[in-house]
Amino acid sequence: IPAESIGRGALVLVDGCMEGEFVSPVIALDDFSTAVCSWNTDVPAGTYSEVFARVQDQDGVWSDWLSWGVWGPFVERASLNETDGGCATVETDTLSLKKEHTGKALQLKCVLRREEGAAAPALRLLAATTRLSKEDRLPNTEPKCSMDNPAPAYCQNIRDPNIGFGMCSATTACVQMNALGADLLPEEAAMCCWDHTYRGHGNWAFTMAMAGSFGYETWLSFANADQLRAELKKGYPIGVNAAYSNTHERATERAPYVENTPGYTPGHLLTVRGLEVDAEGREWVLVNDSYGLPDSQAPRRYPMDQFVKAWSGMMYIVRPRLEGAGSGSPR
């Protein structure tokens, strides 16, 4: 049943019903090889959600429904590695078309489930982002500009020593939420991102679902440099995924050299808070990078031309908390 009082409007499981599903229309898209799903669900204790997608290839053949795994703050969250889905597979948080297949259309599904006596779960947002190639992130034609969206800076490596080294994704989302008025520890965010299959906190989809569970409107988006610039102009810090090296000697094609970075990483999440154009006209990306040690070394600036080559093209979008949303947030 629809519930207009929750966020921008939500779908809520009917009283007495233990399971329900929403299936989207078929969405025709430009050619793509990769898709990642996002969802915002309010799933209190005793409830959980599971998101699925299926894709249609260039020959009109549909894949099976592929799952992003069971998710909720109070359940054993676990992604699935589904390799036998026809023309597509899902690994942790990413759907990939198999070799010689190109996606032409996409359909999404969310299933809500609850135990006897539990409150009703709700679906507030269901989304997917697609791209054909990692090179899609490179277009960088819009005018350079300067802006700085205030955001807290945290070093993940001085947090809980049991998980600090691996909680960049949760720390990034925590920075974004706290910039919008939350008062969370990075560890609190990380405990709701843990993926019992992946054995880590780095599942992109689970991270956005975690932030969504606190009532924020959140989603993932593949983007290019121009789109990143446009998002920053809206006044919010953006989470990004990157791989970089702080020396030319350790630099690789996968982790290129980026000036001012604090070390080497083959995969990392950090917060972009703004842009800056210097006196020579060079554009810099202003970041709060949790790899920096201590907190005071997290704020940094990276050259845009180098940053774009290190960036995967993925953005974490976190928008203000919505009225009536967040009933399933962890305590």
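Nothing here was measured: the structure is a model prediction, and the numbers come from that model.

Rules used in this analysis
Residues numbered from 1 in each chain as written. Predicted model: local features only at pLDDT ≥ 70, side-chain atom pairs only at ≥ 80, totals over all residues. Heavy atoms only, no water. Salt bridge = Lys/Arg side-chain N within 4 Å of Asp/Glu carboxyl O. Helix = DSSP H or I, 4+ residues; strand = E, 2+ residues; numbered from the N terminus. Phe/Tyr/Trp six-rings, centres within 6.5 Å; stacked < 30°, edge-to-face > 60°. Buried < 20%, exposed > 50% of the residue type's maximum accessible area, 1.4 Å probe, protein only. Lys NZ or Arg CZ within 6 Å of the ring centre and 35° of its normal. Polar contact = N/O pair within 3.5 Å; in protein donor to acceptor, adjacent residues only side chain to side chain. Pairing = 2+ DSSP bridges. Expected span 1.5 Å × (residues − 1). Lys, Arg positive; Asp, Glu negative; His and termini not counted. Contact = heavy atoms within 4.5 Å. Core = buried A, V, L, I, M, F, W, Y, C linked by side-chain atoms within 4.5 Å.

A. Representation of the pattern of salt bridges. All chains considered together, the criterion is met by 15 salt bridges. The closest approach of N and O atoms between Arg-113 and Glu-19, which form a salt bridge, is 3.1 Å. Residue Arg-113 is found in strand β10 (residues 103-114), and its partner Glu-19 is found in strand β3 (residues 19-23); the two are separated by 94 residues along the sequence. Each member of the salt-bridge network shares a partner with another, and the members are Glu-19, Glu-50 and Arg-113.

B. Region of interest: the packing of aromatic side chains. Following the criterion strictly, the structure yields four aromatic pairs and no others. Measuring from centroid to centroid gives 6.4 Å for Tyr-244 and Tyr-291, while their planes differ by 20°, and the two rings are stacked. With Tyr-244 in strand β14 (residues 238-244) and Tyr-291 in the loop between β16 (283-288) and β17 (299-303), the pair connects residues that are 47 residues apart, well separated along the chain. We classify Tyr-291 as partly exposed; its relative accessible area is 26%. Taken together through their ring pairs, the aromatic side chains of Tyr-244, Tyr-291 and Tyr-302 make up a single cluster. Its end group placed over the ring of Phe-52, Lys-109 keeps NZ or CZ at 4.9 Å from the ring centre. Of note, Lys-109 hangs over the ring of Trp-65, and the distance from its end group to the ring centre comes to 4.6 Å.

C. The arrangement of helix α3 (residues 204-213) in detail. Burial analysis of α3 places 10 of its 10 residues in the buried class, the great majority of the element. Those residues of α3 not exposed but buried are Trp-204, Ala-205, Phe-206, Thr-207, Met-208, Ala-209, Met-210, Ala-211, Gly-212 and Ser-213. Near the N-terminus of α3, the side chain that reaches the backbone nitrogen of Ala-205, with its oxygen 3.0 Å away, is that of Asn-203. Downstream of α3 by one or two residues, Gly-215 has phi in the positive range, about 100°.

D. Structural view of the sheet that holds strand β5 (residues 34-42). Spatially, β1-β2-β11-β5-β9-β8 is the arrangement adopted by the six strands of the open sheet, whose pairing is antiparallel. Edge strands, defined here as strands with exactly one partner in the open sheet, are β1 (2-3) and β8 (88-91). Of the pairings in the sheet, the one linking strand β2 (residues 10-12) to strand β11 (residues 122-131) comprises two bridges and is antiparallel in character. Its bridge partner being in β11, Val-12 is matched across the sheet by Ala-122.

E. The pairing of strand β13 (residues 216-222), seen in detail. Of all the seven residues making up β13, six are buried; the element is thus mostly covered by neighbouring parts of the structure. Pairing of β13 with strand β18 (residues 311-321) involves seven bridges; the strand directions are antiparallel. Along β18, the bridge assignment pairs Trp-219 with Ile-317.

F. Spatial organisation of helix α1 (residues 168-179). Taking 1.5 Å per residue, 12 residues should reach 16 Å; α1 reaches 16 Å between its end C-alpha atoms and fits that length. Restricting attention to buried positions, one finds in α1 the residues Cys-168, Ser-169, Ala-170, Thr-171, Thr-172, Ala-173, Cys-174, Val-175, Gln-176, Met-177 and Asn-178. Where α1 ends, the next residue or the one after it, Gly-181, has phi of about 110°, a positive value.

G. Quick look at the side chain of Asp-195. Inspection of the secondary structure puts Asp-195 in the loop between α2 (186-191) and α3. One buried charged side chain, Asp-195, makes no salt bridge at all; its nearest oppositely charged neighbour is Arg-77, positioned 7.7 Å away. Polar contacts involving the side chain of Asp-195 include one to the side chain of Ser-79, which spans 2.6 Å. Here Thr-197 takes part through its backbone nitrogen, which lies 2.9 Å from a polar atom of the side chain of Asp-195. The contacts of Asp-195, once residues within four sequence positions are left out, are Arg-77, Ala-78, Ser-79, Thr-92, Gly-200, Asn-203 and Phe-206.

H. Representation of the nonpolar core. By size, the foremost hydrophobic cluster in this structure holds 55 residues, and its most contacted members are Trp-39, Val-55, Trp-68, Leu-95, Met-177, Met-210 and Leu-220. Tallying contributions element by element places α3 first for this core, with seven residues. Listed in part, the 24 residues of the second largest apolar core include Leu-275, Val-285, Ala-310 and Trp-311.

I. Spatial organisation of unusual backbone geometry. Here the bond from Leu-293 into Pro-294 is cis, since omega is -5°, no more than 30 degrees from zero. Structurally, the position occupied by Pro-294 is in the loop between β16 and β17. Backbone geometry places Glu-100, a non-glycine residue, at a positive phi of 75°. Counting through the fold element by element, Glu-100 comes out in the loop between β9 (94-97) and β10. The phi angle at Arg-199 is positive, at roughly 60°, despite the residue not being glycine. Position of Arg-199 among the secondary structure elements: in the loop between α2 and α3.

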